[in-house]
Amino acid sequence: MTSIAAGDSDLPAATKQASSFDVLNGPVAQALALLASAAAYYFGARLGFAMRFPSSPYSILWPPNAIVLAAFLLLPTRLWWVCLLVAFPAHVLVEIPAGLSWPTTFGLFVTNTAQGLVAAALVRYFSGKYVDAGAHVTFFVFVACAVFAAPLLFSFGDAAVNLLTGRAHDYWGAWRLRFLSNAASTIIFVPPILCLAQAVRECRRPSLKRSAEALVLALCFATVGAIVIAESPVLTNTLPLLLASLLPLLLWGAIRFGKGGASCALLGLVLVTMGSLAHWPVESGGQEGILLLQAIFLLISIPVLYLATVHTDLRRSVHSQEVVTQRYRLATTAASVAVWDWNPRTGAMFLEPTLKRRLGYDDHEIANHIDAWMLHLHPDDGPRLQGLANACARGEPPAFEDEHRLLHRDGSIRWFLARGALVRDAGGRPLRVMGTCIDVTDRHRIADELHGLEVLSGAVLASLNEQVAIIDRGGVIVAANDAWIRFGSENAGATFDRAASGVDYVGVCRRTGAGADGPSAAQGITAVLGGSRADFHKEYVCVLPDGTHWFEMVVVPLRRPDGGAVVSHSDITRRRLAEIESERQRQELTHLTRVGILGALSGALAHELNQPLTAILSNAQAMQRFLAREPLDLVELGTALKDIVEADKRAGSVIQRLRALLKRGETLLRPLDLNKVVNEVLELAHSDLVARNVTTACRLAPDLPRVRSDRVQLQQVLLNLIVNACEAMTDTQPSERILTIVTEPGDRQSVQVCVSDRGGGIPADMLDGLFEPFITTKKHGLGLGLSICRSIVAAHGGRLWAVNDSGRGASFFVALPVSPEGTD
Amino acid sequence: MVQYTAAPEFCYRPWRMEKLPLRIAVVDDDESVRKALKRLLRASNLDAKTFESGGDFLASLASYQPDCVILDLHMPGMNGLDVQRQLTRNGVPLPVVIITGHDEPQTRAQCLAAGATAYMCKPLDEEVLLDAIRRAIGIRAHESAESQK
């Protein structure tokens, strides 16, 4: 029998109970059970003897067989032989003193225990087979095998034995007696034992209420029993009343306490009945009555126990149903899933109140009808949904899914996702459509927002003038804006071709870049993608059909977990042209100021030319005189000619230097010796210095590192400074007019030249803006000289600054970086 | 063939009545100019001695008395004007011819006012130079003659 421990209020959670056989698994429990069974066998046998029919080997009830069967059911199969071993002495102890012979005893033992074995085996087998079918099926198996089949079979043998040994005289009478006796015993004694074993194993403490109830039931039984026994009526008269009075108690026990209660109640009934029987005189007519009694026991026990089983099953199923319902509620609440159930024929639709509440309505405000629900649907979605539902109801297809809008009470729109499936009846005909409805408003809102963002960013990209493309971590183009695509299609193959999506842009750059631009661009992009560079800029020239354009490529990393970068090409032609123009004008201005300086030095330069010219003229005229003389002094003539040539060359070099300075040339950076440049400049300015009575003091450091600069522009700067210095000293005493030029290595890989004068110094208010354009102390000056000087020095990577000397006068410093080629 | 007018190679010093070549001093900071002028003056039978600076010249006066001095105006240290003024201060009755690479009107006026006999611009034509020397000597001779009376 499956779980009989239904006496307690909390049922086991499992809907299926594993076979409760082998309940006693621990060796201690098993040992105890064996001992108990031996003892029970003995006392059961004694009881049976006490209830024996006169002149019959049979009793009304024979407990030992039931006890043995119970033991077999509770113990594992391998211990059955131990059980037999233990039961045999008990059997012997009872039978032999009663006067039975050893063979008879042995024979009876065999038949009885065989009956138990067979019954137990059959019950186990069939219960195992039908274990899923429910407790009541197991009960039927028990009744069929153990209560009826086994006793029926073995009674044949047993009756035959007794007939042969002469203990019984009527075969069928004996058979009937034995069969009913064993059947009744089985049904009365086995269930309580099994229930007890189950209860002991599960050790559940019953609540106070249940204990009280059980006690009350027991007291009722006791009361009735006492009344019955005390009255000592004639059996046949009071039997109906007896049963009638106990029936409610039996039902009470069965329903409230399950199988355990039912079996105990039945046991109680039996006890009461036996107790009342004790008062009868036993006659042959009594025997018939006793047979009737046994039959009645059987007939009452089976339905009552069945009722108990069914009731237990029912309660368990209700409990599991409650659990299922709980889970369902939890699931739908947690997932905000509402369930609906629509009957297409009537239109009635069960709608969960949560669903109605989501629209702002109470349960009663929306009728449970499909039309009532459809009222709240958005006019655009209603017809579609209705169509889908109707199609589903027909089974074409038998399931549907649809997202639609519903109108909230406050007028706002909510999105719902409904899923439905067709449920067919037993005949395959469409019965109802059931499904779920989920509020997906949030998801829609987020999707809408995302879409809006996408549209916005797409619009932004599209409206940009620059050609922008997004490349992924591997350098492959994933997206490009309109400008990019347009340019790419119009000018295929241009420098850094604007390739289409899906193309590896790094490779494209490497291939389509001009000269070294390609690899450097590819390297730059890779560096940005890899994170080793913060950004990459490249200006390049692109020849298009409508002319030469300048572009600037900018690559910046894309701030997202997947990485990638944004590549943009901007047309900077206008800016570049402006820059070129600006540079050209600057060069022009530089030239003009240089010419201006030379203009200032023109007197001195003229003087410089004059000296060699004088020498030439005088030498030539002297030679003419010498030629007129006799004798010809050829030596003198020779030296005179030599002097003429020298003088001419000197003049030539002045012209050359002048020409160089006057040339409007491009900047030519070369490694220069600053000392040489200083000397050249001093030669140029020599006459002017002399004319102004300025004394030059030079301290030129030997082994000065070379600087990388344009000779002409450097000369311009130094000339400017020297001319300025001279002009600053016009008001100084001639003896004080000292121009100091010092060259020395500067700090941080630079070379420094300092031009100092002994003039009046720089006025304090002019110091800040000294190198600004149009700042001058001269009466007729533009004020551009120093600003041009500063831009020249800056273009060389150097610095130009002025300091007022603490003595008097000012010093102008020019620091230039050392040429990378190293020192001379 | 160019006709050379007679150069005053000789002068008659009234007090000595000797025929001696004239001694001309040339003071110029530029070596090529010095050499060329010296050659030209020698070609004209004049005794020329060149000095690099005014200081050198003045120092040499103790031992060498020229009859005329050709002074370059623009020289470092003492320029021609300074030398001239020094001569006047020292009371040396030396005729001075100023030569210069620049032609500035105020300097010309200054020099002539300081007592220069001539102010000439480079390059120097021999005739102009010799003529200037002649006049300078002539004036001096006249002056000395006057002083003798």
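Check the entry above for the structure.
A short tour of the structure in this document, coming up. From a predicted model like this one, the values you see are computed outputs, not experimental measurements.

Let us look at the interface of chain B and chain A. Where interface size is quoted, it is often the accessible area lost as the parts come together. Across the contact, 30 residues belong to chain B and 27 residues belong to chain A. Overall, the association of chain B and chain A removes approximately 2500 Å² of surface from exposure, summing both partners, and the carbon and sulfur fraction of that is 49%. Across the contact surface, chain B and chain A share 7 salt bridges. Note that Glu-127 of chain B and Arg-625 of chain A form a salt bridge whose closest N and O atoms lie 4.0 Å from each other.

Contact pair helix H19 (residues 634-662) of chain A / helix H1 (residues 31-43) of chain B: the axes reach a minimum separation of 11 Å and the direction vectors enclose 145°. As for the relative orientation of H19 of chain A and H1 of chain B, their crossing is left-handed in sense. Residues Glu-636, Thr-639, Ala-640, Asp-643 and Arg-650 of chain A of H19 of chain A touch H1 of chain B, and the partners they reach there are Ser-32, Lys-35, Arg-39 and Arg-42 of chain B. Grouping the constituent residues of the contact of H19 of chain A with H1 of chain B by class yields 1 nonpolar, 2 polar and 6 charged.

What follows concerns the pairing of strand S8 (residues 536-544) of chain A. Residue and element names in this part refer to chain A. On S8, burial follows the alternation: Phe-536, Lys-538, Tyr-540, Cys-542 and Leu-544 on one face are buried, whereas His-537, Glu-539, Val-541 and Val-543 on the facing-out side are not. The pairing of S8 with strand S9 (residues 547-557) spans 9 bridges and is classified as antiparallel. Residue pairing in the sheet places Phe-536 in a bridge with Val-555 of S9. The turn joining S8 and S9, which pair antiparallel and follow one another in sequence, is formed by 2 residues.

In this section: the packing of aromatic side chains. All names here are of chain A. Per the stated rule, a full pass over the model turns up 23 aromatic pairs over all chains. With 6.1 Å between their ring centres and 40° between their planes, Trp-340 and Phe-400 make a pair best called tilted. Placement of Trp-340 in strand S1 (residues 337-342) and of Phe-400 in strand S3 (residues 399-407) is noted, with a sequence separation of 60 residues between them. The exposure class assigned to Trp-340 is buried, which follows from its relative accessible area of 7%.

Glancing now at the side chain of Gln-715 of chain A. Counting through the fold element by element, Gln-715 of chain A comes out in helix H21 (residues 711-728). Setting aside chain neighbours within four positions, we find Gln-715 of chain A in contact with Leu-661, Val-677, Glu-680 and Val-681 of chain A.

Conventions and cut-offs
- Per chain, residue numbering runs from 1 following the sequence as it is written.
- Following the order in which they are written, the chains are lettered starting with A and the ligands numbered starting with 1.
- Totals for whole chains, interfaces and linings use all residues, but because this is a predicted model, local features are given only for residues with pLDDT of at least 70 and pairs of side-chain atoms are given and counted only at 80 or more.
- Values shown for side chains rest on all heavy atoms present in the structure; no hydrogens or waters enter the calculation.
- Residue contacts follow a heavy-atom distance rule, with two residues in contact if any of their heavy atoms lie within 4.5 Å.
- Here the buried area means the combined drop in accessible surface, using a 1.4 Å probe, for two parts upon being joined, counting both sides.
- Salt bridges are counted wherever a side-chain nitrogen of Lys or Arg sits within 4 Å of a carboxyl oxygen of Asp or Glu.
- For every element, the axis is a line fit to its C-alpha atoms; helices are fit only across the contacting stretch, and the angle between N-to-C directions ranges from 0 to 180 degrees.
- For the purposes of this entry, the term helix denotes a DSSP run of H or I that reaches at least four residues, the term strand denotes a run of E that reaches at least two, and both are numbered from the N terminus.
- Definitions for this section: a left-handed crossing has its near helix turned counterclockwise from the far helix by less than a right angle. A right-handed crossing has that turn clockwise.
- Ten residue types, Ala, Val, Leu, Ile, Met, Phe, Trp, Tyr, Cys and Pro, are classed as nonpolar, four, Asp, Glu, Lys and Arg, as charged, and the remainder, Gly among them, as polar.
- Categorising residues by exposure relies on relative accessible area from a 1.4 Å probe, with only protein chains included: less than 20% of the type maximum marks a residue as buried, more than 50% marks it as exposed, and the intermediate range marks it as partly exposed.
- By this definition, two strands are paired if DSSP reports at least two bridges between them.
- Pairing of aromatic rings covers Phe, Tyr and Trp, the last through its six-membered ring, and needs centres within 6.5 Å; plane angles under 30 degrees mean stacked, over 60 mean edge-to-face, and all others mean tilted.

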